[in-house]
Amino acid sequence: DIKMCADKIDKLSKDAEVMGREVASTEPELEKATAALETSVKAARVLEKKIHAIEDEVYAEFSKSVGVKNIREYEENNLATLQRGAEERAKFAQQKA
């Protein structure tokens, strides 16, 4: 009984060592992937800022005429209003049916 337990402990220890080596070997890959992801996220943010700047320039006159800071603010407000209206119409149609 003690021998079986000792053998089992020995096997589990060896398994743990193997798993530890596998984890250690994959850590550099994980670090590279994480760094690549961070680089991509930064690049996406830079592009998003450029897009916003271009949108702001293109829609500057319109934004000023409707009294919003930029087109994104207008879209957020307008889309929310449109969505509420669509939801109300759907509720009414459902009640009517």
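Residues numbered from 1 in each chain as written. Predicted model: local features only at pLDDT ≥ 70, side-chain atom pairs only at ≥ 80, totals over all residues. Heavy atoms only, no water.

Explain the overall build of the protein chain residue by residue, including any values.
A count of helical and extended segments in the protein chain gives three helices and zero strands. Traced from its N-terminal end to its C-terminal end, the protein chain shows the element sequence α-α-α. Relative to its length of 97 residues, the protein chain is extended, with a C-alpha radius of gyration of 29 Å against a globular reference of 13 Å. Looking at the protein chain residue by residue over its 97 residues, the buried ones come to 5%. Approximately 8900 Å² of the protein chain is accessible, and the part contributed by carbon and sulfur atoms is 60%. Looking at charge distribution, the protein chain has the averaged site of its 17 positive side-chain charges lying 3 Å from that of its 20 negative ones. (Helix = DSSP H or I, 4+ residues; strand = E, 2+ residues; numbered from the N terminus. Rg over C-alpha atoms; globule rule 2.2 N^0.38 Å. Buried < 20%, exposed > 50% of the residue type's maximum accessible area, 1.4 Å probe, protein only. Areas by Shrake-Rupley, 256 points an atom, 1.4 Å probe, with all protein chains shown as cover. Lys, Arg positive; Asp, Glu negative; His and termini not counted. Charge placed at Lys NZ, Arg CZ, Asp CG, Glu CD.)

Before we move on, could you go through the packing of aromatic side chains and cite the residues and values that matter?
Scanning the model with the defined rule gives one aromatic pair in all. Between Phe62 and Tyr74, the aromatic rings sit 5.0 Å apart at their centres with planes inclined by 90°, giving edge-to-face as the arrangement. With a gap of twelve residues between them, Phe62 in helix α2 (residues 60-66) and Tyr74 in helix α3 (residues 71-96) connect regions that are remote in the sequence. Assessed through its relative accessible area of 28%, Tyr74 is described here as partly exposed. (Phe/Tyr/Trp six-rings, centres within 6.5 Å; stacked < 30°, edge-to-face > 60°.)

Break down a nonpolar patch on the surface for me, citing the residues and quoting the values.
A cluster of nonpolar side chains, namely Ile54, Val58, Tyr59, Phe62 and Val66, defines an oily patch on the protein surface of about 450 Å² accessible area. Among the elements of the structure, α1 (2-58) and α2 are those that each provide at least two residues to the nonpolar patch. Judged by its relative accessible area of 37%, Tyr59 falls in the partly exposed class. (Patch = residues over 30% accessible without salt bridge, like charges linked within 9 Å, V, L, I, M, F, W, Y side chains within 5 Å. Salt bridge = Lys/Arg side-chain N within 4 Å of Asp/Glu carboxyl O.)

A description of the pattern of salt bridges should follow, citing residues and the corresponding values.
By the definition in use, this model includes five salt bridges. Of the charged contacts, one joins Lys3 and Asp7 as a salt bridge, the two residues approaching to 3.3 Å between their closest N and O atoms. With Lys3 and Asp7 both in helix α1 and four residues apart, the pair spans about one turn of that helix. By relative accessible area, Asp7 is classed as partly exposed at 41%. When the shortest N-O distance is used, the salt bridge between Asp10 and Lys14 registers 3.5 Å. Of this pair, Asp10 and Lys14 both sit in helix α1, four residues apart, which is roughly one turn of the helix. We classify Lys14 as partly exposed; its relative accessible area is 48%. What you see here is one network of salt bridges that share partners, running through Glu55, Asp56 and Arg72.

Lay out the environment of Lys91 with the relevant residues and their values.
Within the secondary structure layout, Lys91 lies in helix α3. Separated by 60 residues in sequence, Lys91 and Glu31 place their C-alpha atoms 50 Å apart.

Describe α1, with residues and values.
Every α-helical turn comprises 3.6 residues, leaving residues that sit three or four positions apart pointing alike. In a regular helix each residue adds 1.5 Å, so 57 residues correspond to 84 Å; α1 covers 80 Å between its end C-alpha atoms and thus fits that length. Along α1, the helix axis deviates most sharply at Glu27, where the bend reaches about 30°; the proline Pro28 sits within four residues downstream. (Expected span 1.5 Å × (residues − 1). Bend = angle between axes of the 7 residues up to and from the residue.)

Let's hear about the confidence of the model for the protein chain: which residues, and what values?
Per-residue confidence for the protein chain gives a mean pLDDT of 94, with 100% of residues at or over 70. Element-level mean pLDDT values for the protein chain span from 90 in α3 up to 96 in α1. (pLDDT = per-residue confidence, 0-100.)

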